[in-house]
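Listed below are the residues making up each chain.
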Amino acid sequence: MRDSPNPIHISSAFTNDDIVFARHRRLRPRGKNLGSCPLCEEGKNFPSIIPNKYSSLSDTQSSNNSPVAKGFCGVIIYDQKHNQELLCNKEMGAEVLRVILLRAKNDFKRYPFIIAFENKGSYFGASLPHPHGQYWAMAWIPRQQKTYWQNFERNQCLLCQSKSQDLVIYENSLAIAEVSPYPLLPYEVIISLKKVHKFPKDNDLYSLNEALQGVYQAIENSLGGPFENSLIAWHLPPQGDFKKYHFHISIHVPHESLSTTKVFGGIEFLTRTYVNSFPPEEVATRLRMHINAQR
Ligand SMILES: [Zn+2]
Ligand SMILES: [Zn+2]
């Protein structure tokens, strides 16, 4: 089974973790000495989502009980230029989100779970210098995600409940940002629309992006300059049902300082018990101070 040319999906009988075997990914281009950039030659209209050439999932039809890891892995290219980053101007983040939502609307007809994100820096596995994001549509719902959704539902939407003022750090007319009450890394912030369960409209996209930019800059200022590693995620609802879920964006930054990062050690790997030396209330106080100074 593991010699198959297709990626294979299994669920661990020990822990129920999902594992994909994708041997062809050993061949993917990586690092700084690539010669020409593979993403510079792709696409014409930006931002756009193109198929990942070294996809961890297979988009071809196969029988339902096959172990093939079914799904679609896309690369979100923001622009043809290397200096056009996700947060480089007021519009880019909103445009990227619009492209993700458009694509997802269609893919939800085939796949129950879709998530998009940007890995920046080697910490989260980014391997190409061209600014880009990732788009994953999967035929199964990952174990951790199932729990995440169940908890949202059981507690009548965790994001609609009154926010702890100790953790709220930013607000504009439509969006609100709070430091995650349960951070695994030093800086983790959740950005959501205020009390709205619906497909985001243009104004919502701009407000969310404005919040994302403001918060990211505050983390930069708090660390003392541009930092190397971050993960930004766009959390789409189960089966694409925006009425039953609170769309949100999360930011995850492993930096404890510009040159040091929190690394998951043995206890985290073995037991999923996370040790974080940055309590969220303290991080919120610091970020709020920088956000107020930016205004
Ligand atoms: Zn390039
Ligand atoms: Zn809600």
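Up top you'll find the structure we're talking about.
Residues numbered from 1 in each chain as written. Chains lettered and ligands numbered in written order. Predicted model: local features only at pLDDT ≥ 70, side-chain atom pairs only at ≥ 80, totals over all residues.

Asks: It is not clear to me how the sheet that holds strand β3 (residues 48–51) should be interpreted in this structure. Could you clarify?
Replies: Ordered in space as β3-β4-β6-β5-β10-β11-β9-β8-β7, the nine strands form an open sheet in which the pairing is antiparallel. Of all the strands in the sheet, the pair left with one neighbour each is β3 and β7 (168–171). Sheet twist, expressed as the mean angle between neighbouring strand axes with direction ignored, is 20 degrees. Across five bridges, strand β5 (residues 113–120) lies against strand β6 (residues 132–138) in antiparallel orientation. Note on β6: the bridge partner recorded for Phe117 is Gln134. (Pairing = 2+ DSSP bridges. Helix = DSSP H or I, 4+ residues; strand = E, 2+ residues; numbered from the N terminus. Axes fitted to C-alpha atoms, helices over the stretch in contact; angles between N-to-C directions.)

Asks: Quick question: what am I supposed to make of the packing of helix α1 (residues 92–107) against helix α3 (residues 202–223) here?
Replies: To characterise two packed helices, one gives the angle between the axes of the helices and the distance between these axes. Orientation of α1 relative to α3, taken along the N-to-C sense of each, is 130 degrees, at an axis distance of 8 Å. Compared by their axis directions, α1 and α3 come out oblique. As for the relative orientation of α1 and α3, their crossing is right-handed in sense. Residues Gly93, Ala94, Leu97 and Arg98 of α1 form the contact with α3, whose own contacting residues are Leu205, Tyr206, Leu208, Asn209, Leu212 and Gln213. Of the residues assigned to the contact of α1 with α3, the class counts are six nonpolar, three polar and one charged. (Parallel < 35°, antiparallel > 145°, perpendicular 65-115°, else oblique. Left-handed = near helix turned anticlockwise from the far one by under 90°. Contact = placed C-beta atoms within 7 Å. Nonpolar A, V, L, I, M, F, W, Y, C, P; charged D, E, K, R; others polar.)

Asks: Explanation requested: the environment of Ile291 in the structure shown.
Replies: Relative to the helices and strands, Ile291 resides in helix α5 (residues 280–294). Ile291 sits in the buried class, given 20 other C-beta atoms within 10 Å. For the pair Ile291 and Asp107, spaced 184 residues apart in the sequence, the C-alpha separation amounts to 37 Å. What Ile291 contacts, discounting residues up to four positions off in sequence, is Ile169, Tyr170, Gly214 and Ala218. (Buried ≥ 20, exposed ≤ 12 C-beta atoms within 10 Å, placed from the backbone.)

Asks: Hey, could you run me through the packing of α3 against α5 in this one?
Replies: Packing of α3 against α5 brings their axes to within 9 Å, and their N-to-C directions diverge by 110 degrees. What the angle tells us is that α3 and α5 run roughly perpendicular. Each of Gly214, Gln217, Ala218, Ile219, Asn221 and Ser222 in α3 lies in contact with α5, whose residues at this interface are Arg286, Leu287, His290, Ile291 and Gln294. Of the residues contributing to the contact of α3 with α5, the split by class is four nonpolar, six polar and one charged.

Asks: What exactly am I supposed to notice about unusual backbone geometry here?
Replies: The general pattern is negative phi for most residues beyond glycine and trans for most peptide bonds. That bond from Phe46 to Pro47 is cis: its omega, -10 degrees, falls within 30 degrees of zero. As for its placement among the helices and strands, Pro47 is situated in the loop between β2 (18–21) and β3. Despite not being glycine, Gln239 shows a phi value in the positive range, around 55 degrees. Mapped onto the fold, Gln239 is located in the loop between β10 (230–235) and β11 (248–253).

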